[in-house]
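# Observations on the three-dimensional arrangement
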Amino acid sequence: MVKRIELTLLPEDAFDDKKLSEIVELECDVNESDRYDFKLTKRSIDARSRTPVVNLLLDVYINETPSPEPVIKDNYKNVSDKKKVIIVGAGPAGYFAALELIENGIMPVIFDRGKDIRSRRKDLREIQQFSNVNPNSNYCFGEGGAGTYSDGKLYTRSHKRGDIYKALRILVEHGADPDILVDTHPHIGSNRLPGVVQNLRETILHYGGEVNFNSTVTDLIIKDDVILGVTVNDKDEYLADAVILATGHSARDIFYLLKKKNIYLESKPFAVGVRIEHPQALIDEIQYKQNPRSEFLPASSYKLTAQVNGKGVFSFACVPED
Ligand SMILES: Cc1cc2nc3c(=O)[nH]c(=O)nc-3n(C[C@H](O)[C@H](O)[C@H](O)COP(=O)(O)OP(=O)(O)OC[C@H]3O[C@@H](n4cnc5c(N)ncnc54)[C@H](O)[C@@H]3O)c2cc1C
């Protein structure tokens with residue numbers, strides 16, 4: 001039997017596996033002779049009242065074994081001799097497009113103007129210490145794109161973004177903390193993100209995809225309004241059955257190229273932001289009404305939205321510090 005239950009608990013109970021087990025047993029009337037297991041499916045902290053509580057949604061399996069979640073990677077087959085699609089950009093969009101192609105039996109060939117994630121780090125040090133910016137390897141360009149240094153907050157206000165849970169599972173299969181599958185505000189963290197990006201690349205290579213660094217796409221090969229391939233570094237031509245542009249919003253040269261080629265471009269409104277820093281203890285006190293905060297509570301964060309003169313103002317991301 002599988003029972004879905006909702007619990008509202010104090011943090012010291014919700015984050016302690018042993019105590020949580022005892023509460024589940026009581027809640028579901030589990031007998032001594034019963035075998036049971038449970039799976040957390042959602043977790044959120046509600047700090048609106050004086051005492052913060054944790055809301056949990058659990059599936060409890062009584063005398064039944066929970067079936068393991070199928071591994072997405074198990075659906076992949078080697079695609080090295082299949083139809084080719086070129087992907088320009090090895091950022092989040094490019095790598096996820098590559099996995100989707102592999103899942104559909106198509107070979108992705110990726111070109112990125114920047115370097116692999118390890119080599120890219122040296123160029124960031126150059127920026128920080130000596131203000132030398134490599135135009136093809138910096139905070140925006142290189143393996144993982146702007147996403148590599150984005151901190152990996154994974155929540156979205158939009159509900160039209162496709163299978164978000166599948167994307168989270170792919171990230172977990174590549175080294176992200178499984179907590180992202182249940183937390184309301186999933187967050188990978190900048191320390192873990194580079195490893196996840198590197199693992200994504202290894203999966204793409206393992207299943208027969210190609211990843212080429214130091215390869216700037218400088219032209220599109222088009223005949224009779226059909227895209228046939230790309231020119232890389234102003235000299236080498238590569239042909240494929242289709243081309244996916246996943247160059248992000250910093251690739252101005254690509255926008256100019258599309259305009260020059262008379263390809264339809266649509267502008268999007270964009271948001272401009274500022275960075276605001278406050279002491280973590282202050283936010284904990286405001287959110288949890290506790291100073292210092294309980295050892296069972298994670299560092300708090302907040303979200304603000306407002307309309308000012310018809311324009312939306314919102315906090316884009318809050319990075320709590322433990
Ligand atoms: C400081 C910062 C913090 C952020 N924090 C978050 C966050 O916490 N959560 C979140 O969801 N989002 C965050 N974002 C936004 C997120 O990083 C972007 O939405 C995401 O990276 C976009 O992915 P993408 O693959 O479309 O493009 P990008 O990440 O921009 O990747 C594009 C790739 O294309 C390559 N490229 C460009 N032109 C060419 C060319 N001509 N030839 C070959 N390769 C090319 C680049 O080298 C790059 O690797 C943050 C962004 C920044 C800058």
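Note on numbering: residues in each chain are counted from 1, in written sequence order. The predicted nature of this model means local features are confined to residues of pLDDT at least 70 and side-chain atom pairs, given and counted, to a pLDDT of 80 or more, with totals for whole chains, interfaces and linings taken over all residues. Here the side-chain values reflect all heavy atoms present in the structure, with hydrogen atoms and water set aside.

### Examining the overall build of the protein
We apply this condition: A run of H or I in DSSP becomes a helix once it reaches four residues, and a run of E becomes a strand once it reaches two; helices and strands are each numbered from the N terminus. Partly exposed describes any residue whose relative accessible area lies between the buried limit of under 20% and the exposed limit of over 50%, with all areas from a 1.4 Å probe on protein chains only and scaled to the type maximum. Only heavy atoms matter for contacts: two residues are in contact if any of them lie within 4.5 Å across the pair. Per-residue and other accessible areas follow the Shrake-Rupley method at a 1.4 Å probe size, with only the shown protein chains counted as cover for residues.
In terms of regular secondary structure, the protein is built from eight helices and twelve strands. When its C-alpha atoms are laid out on the principal axes, the protein stretches across 70 × 50 × 40 Å. Looking at the protein as a whole, 36% of its 322 residues are labelled buried. Within the protein, residue pairs in contact and separated by at least 24 positions form 58% of the contacts whose partners lie at least 6 positions apart. Accessible area of the protein: about 20,100 Å², with a carbon and sulfur share of 51%.

### Things to note about the site of the ligand
Put simply, the rule reads: In these notes, residues near a molecule or strand are those with any non-hydrogen atom within 4 Å of it. In the analysis that follows, any N or O atom pair within 3.5 Å is treated as a polar contact, provided that within protein one partner can donate a hydrogen and the other can accept it, and provided that, for residues neighboring in sequence, both atoms belong to side chains. Only Asp, Glu, Lys and Arg are considered charged in this grouping, and only Ala, Val, Leu, Ile, Met, Phe, Trp, Tyr, Cys and Pro are considered nonpolar; every other residue, Gly among them, is considered polar.
Taken together, 26 residues surround the ligand, and among them Asp112, Gly142, Ala146, Ser150 and Lys153 come closest. Within the backbone of Pro92, a nitrogen or oxygen atom sits 3.2 Å from an oxygen atom of the ligand. In this structure, Ala93 approaches the ligand through a main-chain N or O atom, which is 2.8 Å from an oxygen atom. Of the residues contributing to the shell around the ligand, the split by class is twelve nonpolar, eleven polar and three charged.

### Quick word on the environment of Glu27
Its place among the elements puts Glu27 in helix α2 (residues 17-27). Note on Glu27: relative accessible area 44%, which makes it partly exposed. Glu27 sits 21 residues away from Glu6 along the chain, and the two C-alpha atoms are 9.8 Å apart. In this view, Glu27 contacts Ile5 and Leu7; residues no more than four positions away in its chain are not counted.

### Some words on the sheet that holds strand β1 (residues 2-9)
Quick note on the threshold: When DSSP locates at least two bridges between a pair of strands, those strands are taken to pair. Geometry is summarised by axes, namely lines fitted to C-alpha atoms with helices restricted to the contacting stretch, and by angles between N-to-C directions that run from 0 to 180 degrees.
A sheet is described by the order of its strands in space; here three strands give the open sequence β1-β3-β2, paired in antiparallel fashion. Of all strands in the sheet, those bounded by a partner on one side alone are β1 and β2 (36-46). The sheet shows a mean angle of 20° between the axes of neighbouring strands, direction not considered. Pairing between β1 and strand β3 (residues 53-62): eight bridges, direction antiparallel. Along β3, the bridge assignment pairs Val2 with Tyr61. Its contacts with the sheet put α2 on β1, β2 and β3, and the angle it makes with β1 is roughly 120°.

### Description of the packing of helix α4 (residues 117-130) against helix α6 (residues 193-206)
What counts here: Our angle categories are set so that under 35 degrees counts as roughly parallel, over 145 as roughly antiparallel, 65 to 115 as roughly perpendicular, and the remainder as oblique.
Packing of α4 against α6 brings their axes to within 10 Å, and their N-to-C directions diverge by 140°. Taken together, the axes of α4 and α6 are oblique relative to one another. Contacts between α4 and α6 pair Ile117, Arg118 and Arg121 from the former with Pro194, Val197, Gln198 and Arg201 from the latter. Of the residues in the contact of α4 with α6, the class split is three nonpolar, one polar and three charged.

### Thoughts on unusual backbone geometry
Across the chain, the bulk of peptide bonds are trans and the bulk of non-glycine residues have phi less than zero. Cis geometry is found at the peptide bond from Asn291 to Pro292, where omega equals 0°. Here the phi dihedral of Asn63 falls at roughly 55°; this positive angle occurs in a residue that is not glycine. Its location among the elements puts Asn63 in the loop between β3 and β4 (84-88). Notably, Asn309 is not glycine yet its phi reads approximately 50°, a positive angle.

By themselves these figures say nothing about function.
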